[in-house]
Amino acid sequence: MNDMSFSQLHLSKLVLDNLAELAYEKMTAIQAQSLPHVLQNKDVIAQAKTGSGKTAAFGIGLLNKIELKNYSVQALVLCPTRELADQVTKDLRRLARFTENIKIITLCGGVAIGSQIKSLSHPAHIVVGTPGRILKHLDKNYMRIDGLKTLVLDEADRMLDMGFVEDIQKIIEFAPNKRQTLLFSATYTDEVRSLSKSIQKSAVTVATIDTESPNKITEMFYESAADLNLSHLVNIIAKEEPKNVLVFANTKIDAKEVARHLRNNGIEAAALHGDLEQYQRNDVLVKFTNGTLPVLVATDVAARGLDIKELSLVINYGLPFEHNVYTHRIGRTGRAGSTGIAVTLYWGKQAFKAKKMQNSSRQFDKASTLPKANGYILKAQNGTIVIEAGKRNKLRPGDILGALTGDVGLNGKQIGKISIYDKQSYVAIERGLINKAIKGLKQSGLKGKRFSVWIMK
Ligand code: AMP
């Protein structure tokens, strides 16, 4: 399709203006291929990875059909993880920000169900969530989807990997037969195909992965001798001098061990894995996404749904067990046309699998050829402060920026990303100025009120 502008899609002026404001100048490949079908109410199975613009591909479609005066769940988006669900909700709200009185909620496991039930007492138009929790709400009749118009399965392959297939089938029993079902998946496996067959009708297949930004990711492989993996990992990071790195570990134990080793070797790193409490997980994610933690070591499950723009380097600490997982992991760097680097460190029996992955565009070498790290240090310039006030206090980034550059006396350049959550806000600030900022904010307050402020450890 040559004309990639959104205007050919017969969307309302409100929607088109909003897309222009979001700086979505033209459609991404997946949007151009899927949106015409999505908007014709067809079932679509789309192979698209995170970063391809897939959320807008289904989001624009489902929003287009919402009847605001009809207070029932009209669209349901199923996601494999809480992080992805949060991300999708955020993106949908941005796409719908000029649509007044639209209610979009997230329902995921791992949080108390009480407040979700309360929130459902006024039905939402759109629900985004993880299958287990959604099913619970349906089973207990806290929520109904008998008026559902659009069902979306986002990252369907991941949901299948995580064993959600039965929950998904059961959820669908609560939905009307006459509905649109959109299935997005990074990989197109037999399982995905069979799921599509069982829940979609005459689905249009759309695949763009191979045509998306070809060769934008440099893929390198290093074979390590046994027991030298960790020091080679440090050498890889030192060689690439990245701004930020996502290291994938195959197990929780590896993730913890890798993060510890990096910290002991001058590289600021934290592990993200299933054993963390929700607040610990949140802290790690806040720091990584606002640039105050340069290295995140994660298992695949923990990293699902992470949407980090400008990820300069992805490292596989050990070859993943499946090729699909490899594709998924490296797709996180080099997004939206920017270049990225993916380095895989492997050892022992993994060499057999690695050999099968050799092709002309991938570089293979012995890890012993890597230059030694030699005192290399990677630390974020900024640290994060936490303010005990957020959206509920009607706080906006401008309020915080104003206080910091006004009363507190910082210069705008010394302040990094400001993220406002429901009850708390996080501000990245040059490390040397953190104490000054905390003291100043405590004194000056925000919008005439004083709040607790502290440094995130
Ligand atoms: P997704 O694949 O849905 O996670 O989207 C990846 C990123 O691309 C998100 O940050 C979107 O806001 C952004 N995006 C989606 N569609 C477009 C577009 N047409 N033009 C520019 N950015 C886009």
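Parameters and conventions
- Residues numbered from 1 in each chain as written.
- Predicted model: local features only at pLDDT ≥ 70, side-chain atom pairs only at ≥ 80, totals over all residues.
- Heavy atoms only, no water.
- Helix = DSSP H or I, 4+ residues; strand = E, 2+ residues; numbered from the N terminus.
- Rg over C-alpha atoms; globule rule 2.2 N^0.38 Å.
- Contact = heavy atoms within 4.5 Å.
- Areas by Shrake-Rupley, 256 points an atom, 1.4 Å probe, with all protein chains shown as cover.
- Near = heavy atom within 4 Å.
- Polar contact = N/O pair within 3.5 Å; in protein donor to acceptor, adjacent residues only side chain to side chain.
- Pairing = 2+ DSSP bridges.
- Axes fitted to C-alpha atoms, helices over the stretch in contact; angles between N-to-C directions.
- Buried < 20%, exposed > 50% of the residue type's maximum accessible area, 1.4 Å probe, protein only.
- Parallel < 35°, antiparallel > 145°, perpendicular 65-115°, else oblique.
- Left-handed = near helix turned anticlockwise from the far one by under 90°.
- Nonpolar A, V, L, I, M, F, W, Y, C, P; charged D, E, K, R; others polar.
- Core = buried A, V, L, I, M, F, W, Y, C linked by side-chain atoms within 4.5 Å.
- Phe/Tyr/Trp six-rings, centres within 6.5 Å; stacked < 30°, edge-to-face > 60°.
- Lys NZ or Arg CZ within 6 Å of the ring centre and 35° of its normal.

Trainee: Where do I start with the overall build of the chain in this structure?
Mentor: Helix and strand counts for the chain stand at 17 helices and 18 strands. Scaling as 2.2 N^0.38, a compact globule of 457 residues should have a C-alpha radius of gyration of about 23 Å, and the chain matches this with 23 Å. Counting only contacts in the chain whose residues sit at least 6 apart along the sequence, the fraction spanning at least 24 positions is 75%. When the accessible surface of the chain is summed, it comes to about 21700 Å², and 50% of that surface belongs to carbon and sulfur atoms.

Trainee: Would you explain the site of the ligand in this entry?
Mentor: In the neighbourhood of the ligand, 13 residues make up the surrounding shell, with Y24, Q31, G51, G53 and T55 lying closest. In this structure, Q31 approaches the ligand through a side-chain N or O atom, which is 2.8 Å from a nitrogen atom. The fraction of the free accessible surface of the ligand (490 Å²) that becomes covered by protein chains is 84%.

Trainee: In this structure, what is going on with the sheet that holds strand β1 (residues 44-47)? I would like to understand it.
Mentor: Sheet architecture is open: seven strands sit in the order β3-β4-β2-β5-β6-β1-β7, paired in parallel fashion. A strand with exactly one partner marks an edge of an open sheet, and here the two such strands are β3 (104-107) and β7 (204-207). Geometrically, the sheet is characterised by an average inter-axis angle of 15° between neighbouring strands, direction not taken into account. Strand direction decides the pairing type here: β3 and strand β4 (residues 126-129), joined by four bridges, are parallel. Considered in β4, the bridge of L107 is made with G129. Lying on the sheet, helix α4 (residues 82-95) is in contact with β2 (75-78), β3 and β4; it crosses β3 at an angle near 180°.

Trainee: Looking at this model, I keep getting lost on the pairing of strand β8 (residues 217-224). Mind explaining?
Mentor: Regular strands show a simple pattern: their side chains alternate between the two faces of the sheet. Across the eight residues of β8, six count as buried, placing the element largely inside the fold. By the bridge criterion, five bridges tie β8 to strand β14 (residues 362-366) in an arrangement that is parallel. What sits directly across from M220, in β14, is Q363.

Trainee: For this particular structure, what's the right way to read the packing of helix α2 (residues 29-39) against helix α3 (residues 54-64)?
Mentor: Between two packed helices, what matters for the description is the angle formed by their axes and the separation of those axes. Close contact between α2 and α3 brings their axes to 9 Å; oriented N to C, the two are set at 20°. Between α2 and α3, the angle falls in the class roughly parallel. In this structure, the crossing between α2 and α3 has a hand that is right-handed. Between α2 and α3, the residues in contact are I30, Q31, S34, L35, V38 and L39 and K54, A56, A57, I60, G61 and N64, respectively. Looking at side-chain class alone, the contact of α2 with α3 contains seven nonpolar, four polar and one charged residues.

Trainee: Teacher, can you tell me more about α2 here?
Mentor: Quick reminder: α-helices carry 3.6 residues per turn. Residues three or four places apart thus point the same way. Among the residues making up α2, those that are buried are I30, Q31, A32, S34, L35 and V38. Looking at the buried residues of α2, the elements they touch are β1, α3, β6 (180-185) and β7. Residue N41 follows α2 closely and has a positive phi angle near 70°.

Trainee: What exactly am I supposed to notice about the nonpolar core here?
Mentor: As a rule of thumb, soluble globular proteins bury nonpolar side chains together. Grouped together as the largest cluster of nonpolar side chains are 39 residues, with contacts concentrated most on V77, I126, V128 and F184. Elements with a contribution of two residues or more to this core: α2, β1, α3, β2, α4, β4, β6 and β7. Per-element accounting of this core gives the leading share, six residues, to α3. Judged by nonpolar contacts, the second largest core, of 31 residues, contains Y222, L262, W347 and L378.

Trainee: Just to check I follow, could you spell out the sheet that holds strand β16 (residues 415-420) for this structure?
Mentor: Two pairing modes exist for strands in a sheet, parallel and antiparallel, and in both the strands are linked by backbone hydrogen bonds. Strand order in the open sheet formed by four strands is β16-β17-β15-β18, with antiparallel pairing between adjacent strands. In this open sheet, the two strands that pair with only one neighbour each are β16 and β18 (453-455). Strand-to-strand twist across the sheet, computed as the mean angle between neighbouring axes with direction ignored, equals 20°.

Trainee: How do you make sense of the pairing of strand β12 (residues 313-317) when you look at a structure like this?
Mentor: Where burial is concerned, most of β12 is hidden: five out of the five residues are buried. Neither face of β12 is exposed, since L313, I315 and Y317 on one face and V314 and N316 on the opposite face are all buried. Across five bridges, the pairing between strand β9 (residues 245-249) and β12 is parallel. Paired with A249 across the two strands is Y317, which belongs to β12.

Trainee: Would you mind showing me how to read unusual backbone geometry here?
Mentor: Excluding glycine, a negative phi dihedral is what most residues carry, and trans is how most peptide bonds are arranged. Positive phi, normally seen in glycine, also occurs at H10, with a value near 55°. Summarising the element assignment, H10 is placed in the segment before α1 (13-21).

Trainee: Explain the packing of aromatic side chains here, please?
Mentor: A complete count under the given rule lists five aromatic pairs for this structure. Between Y421 and Y426, the ring centres sit 5.1 Å apart and the planes meet at 90°, which makes this aromatic pair edge-to-face. A residue is classified by how much of its surface remains accessible, and Y421, at 33% relative accessible area, is partly exposed. These aromatic residues form a ring-pair network of at least three members: F221, Y326 and F364. For R193, the ring lying beneath its charged end belongs to Y188, and the centroid distance is 4.7 Å.

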